[in-house]
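Here is how the chains run, residue by residue.
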Protein chains: 2
Amino acid sequence: MSFHEHLEQVCRSVDGAVACSLMGVDGIEVDTHVADGGAVDVKSLLVEYSGVLRSAKEAAEAHEAGGVAEIAIATDKLLAVVRTVSPEYFMVVALTPDGNFGKARYLLRVTAPKLRSEL
Amino acid sequence: MSFHEHLEQVCRSVDGAVACSLMGVDGIEVDTHVADGGAVDVKSLLVEYSGVLRSAKEAAEAHEAGGVAEIAIATDKLLAVVRTVSPEYFMVVALTPDGNFGKARYLLRVTAPKLRSEL
């Protein structure tokens, strides 16, 4: 399966998913599937969230809490679940606030190793 | 109930909780209950996580995704769940990675309004 097919499959399998993306930790997108952009400019927001991931990684490393495996950020309009794929890449799925958070986390956990093996 | 009693009650009610804190978004602690510090310097890490919350708020506001209600950050050694209490304050509970994430989220959601009404 191509990167895009993996991302599309996550979107199709999670109720409320609006987009799924594979990105570099520098915020540069590798591939994104947008199921339903909705009111928010999801792509731009996910680029900004790469900065949030970098802040969390720096904080965790500085305090010897280990690597950051996952971050979830819930705003009024969008829930984003970020999962580290490798030291250089992460996956993120964006959902509506009433989307299936548990399934999104589960699918990121099982999909991340598949993407890592293809990077 | 005092702030400290609320924080202590969250720690006591969540399996794996190591600390619960009420903080300003500027990273200055109002009150913290530490149940079991473990290997990580939890207090210092939570101060750093206030910076992560600020990054997420700025990103969400810039892209009109609304206010940030909650952030969860999972590292190899610690899971932190952050919940906005008011524009100036947030609560955070830190757990061991195998702690009860669902219960932590639930208790933050019900405790945050109680703290807000006392601020």
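About the criteria used
Residues numbered from 1 in each chain as written. Chains lettered and ligands numbered in written order. Predicted model: local features only at pLDDT ≥ 70, side-chain atom pairs only at ≥ 80, totals over all residues. Heavy atoms only, no water. Contact = heavy atoms within 4.5 Å. Buried area = accessible area lost by both parts, 1.4 Å probe. Salt bridge = Lys/Arg side-chain N within 4 Å of Asp/Glu carboxyl O. Polar contact = N/O pair within 3.5 Å; in protein donor to acceptor, adjacent residues only side chain to side chain. Helix = DSSP H or I, 4+ residues; strand = E, 2+ residues; numbered from the N terminus. Nonpolar A, V, L, I, M, F, W, Y, C, P; charged D, E, K, R; others polar. Buried < 20%, exposed > 50% of the residue type's maximum accessible area, 1.4 Å probe, protein only. Pairing = 2+ DSSP bridges. Axes fitted to C-alpha atoms, helices over the stretch in contact; angles between N-to-C directions. Parallel < 35°, antiparallel > 145°, perpendicular 65-115°, else oblique. Core = buried A, V, L, I, M, F, W, Y, C linked by side-chain atoms within 4.5 Å. pLDDT = per-residue confidence, 0-100. Least-squares fit on C-alpha atoms with pLDDT ≥ 70 in both.

Colleague: Help me understand the interface of chain B and chain A in this model?
Modeller: When the parts of a complex come together, some accessible area is lost, and that lost area is often used as the size of the interface. Chain B puts 29 residues into the contact, and the matching count from chain A is 29 residues. Together, the buried faces of chain B and chain A total about 2300 Å²; carbon and sulfur atoms form 64% of this surface. Here chain B and chain A share zero salt bridges between them. Taken together, chain B and chain A are joined by 14 residue pairs in polar contact (both at pLDDT 80 or more). Mapped by element, the contributors of at least two residues to the side of chain B that touches chain A are helix H2 (42–62), strand E3 (68–75) and helix H3 (101–118) of chain B. Taken together, the residues of the side of chain B that touches chain A sort by class into 16 nonpolar, six polar and seven charged.

Colleague: How should I be thinking about unusual backbone geometry in this particular structure?
Modeller: Glycine aside, residues mostly have negative phi, and peptide bonds are mostly found in the trans state. All names here are of chain A. Of note, the phi angle at Glu 64 is positive, near 55°, even though the residue is not glycine. Within the element layout of this structure, Glu 64 appears in the loop between helix H2 (42–62) and strand E3 (68–75). Owing to a relative accessible area of 60%, Glu 64 belongs among the exposed residues under this scheme.

Colleague: In this structure, what is going on with the pairing of strand E1 (residues 17–24) of chain B? I would like to understand it.
Modeller: Taken residue by residue, a regular strand's side chains alternate between the two faces of the sheet. Residue and element names in this part refer to chain B. The element E1 is extensively covered by neighbouring structure, given that eight of its eight residues are classed as buried. As judged from the seven bridges shared by E1 and strand E5 (residues 89–95), these two strands associate in the antiparallel manner. For Ala 19, the partnering residue across the bridge sits in E5 and is Ala 94. Pairing of E1 with strand E2 (residues 29–34), which is carried by five bridges, proceeds in the antiparallel orientation. Bridge assignment links Cys 20 to a residue of E2, and that residue is His 33. Connecting E1 to the antiparallel partner E2 that follows it, the hairpin turn spans four residues, and Gly 27 within it adopts a positive phi of roughly 90°.

Colleague: Honestly, the packing of helix H1 (residues 3–13) of chain B against H3(B) in this entry has me stumped. Any pointers?
Modeller: Any two packed helices are characterised by how steeply their axes cross, that is the angle between the axes, and by the distance between the axes. Residue and element names in this part refer to chain B. Two elements in contact, H1 and H3, have axes whose closest approach is 10 Å; the angle formed by their N-to-C orientations is 175°. Here H1 is positioned roughly antiparallel relative to H3, judged by the angle of their axes. Of the residues in H3, those touching H1 at Phe 3, His 6, Leu 7, Val 10 and Ser 13 are Lys 103, Leu 107, Thr 111, Lys 114, Leu 115 and Glu 118. Across the contact of H1 with H3, the residue classes break down as five nonpolar, three polar and three charged.

Colleague: Mind showing me how you'd approach the nonpolar core here?
Modeller: The nonpolar side chains of a soluble globular protein tend to be buried, and buried together. Counting 46 residues, the largest nonpolar core has Tyr49(A), Ile71(A), Ile73(A), Tyr49(B), Ile71(B) and Ile73(B) as its most contacted members. Apart from residues lying up to four places away in sequence, Tyr49(A) is in contact with Ile73(A), Thr75(A), Ala80(A), Ala56(B), Ala59(B) and Ala60(B).

Colleague: Where do I start with the packing of H2(A) against H2(B) in this structure?
Modeller: It is at 9 Å that the axes of H2(A) and H2(B) come closest, and there the two elements cross at 175°. What the angle tells us is that H2(A) and H2(B) run roughly antiparallel. Along the contact surface, H2(A) presents Leu45(A), Glu48(A), Tyr49(A), Val52(A), Ser55(A), Ala56(A), Ala59(A) and Ala60(A), while H2(B) presents Leu45(B), Glu48(B), Tyr49(B), Val52(B), Ser55(B), Ala56(B), Ala59(B) and Ala60(B).

Colleague: I keep staring at the confidence of the model for chain A and nothing clicks. Help me out?
Modeller: Segments scoring low in pLDDT should not have their predicted coordinates read at a detailed level. Mean pLDDT over chain A stands at 91; residues scoring 70 or higher make up 97%. In the model output, the complex is listed with pTM 0.91 alongside ipTM 0.89.

Colleague: Please clarify how the relation of the copies chain B and chain A should be interpreted in this entry.
Modeller: Mapping chain B onto chain A calls for a screw motion: a turn of 180° about the axis and a shift of 0.0 Å along it, with 0.0 Å RMSD after fitting. Those values place the two copies in the arrangement expected of a two-fold rotation axis. Proximity to the rotation axis, assessed at the C-alpha, singles out Ala72(B) in chain B; its C-alpha lies 2.5 Å from the axis. Taken as a fraction of all interface residues of chain B, those also at the interface in chain A reach 100%, which identifies the copy contact as same-surface.

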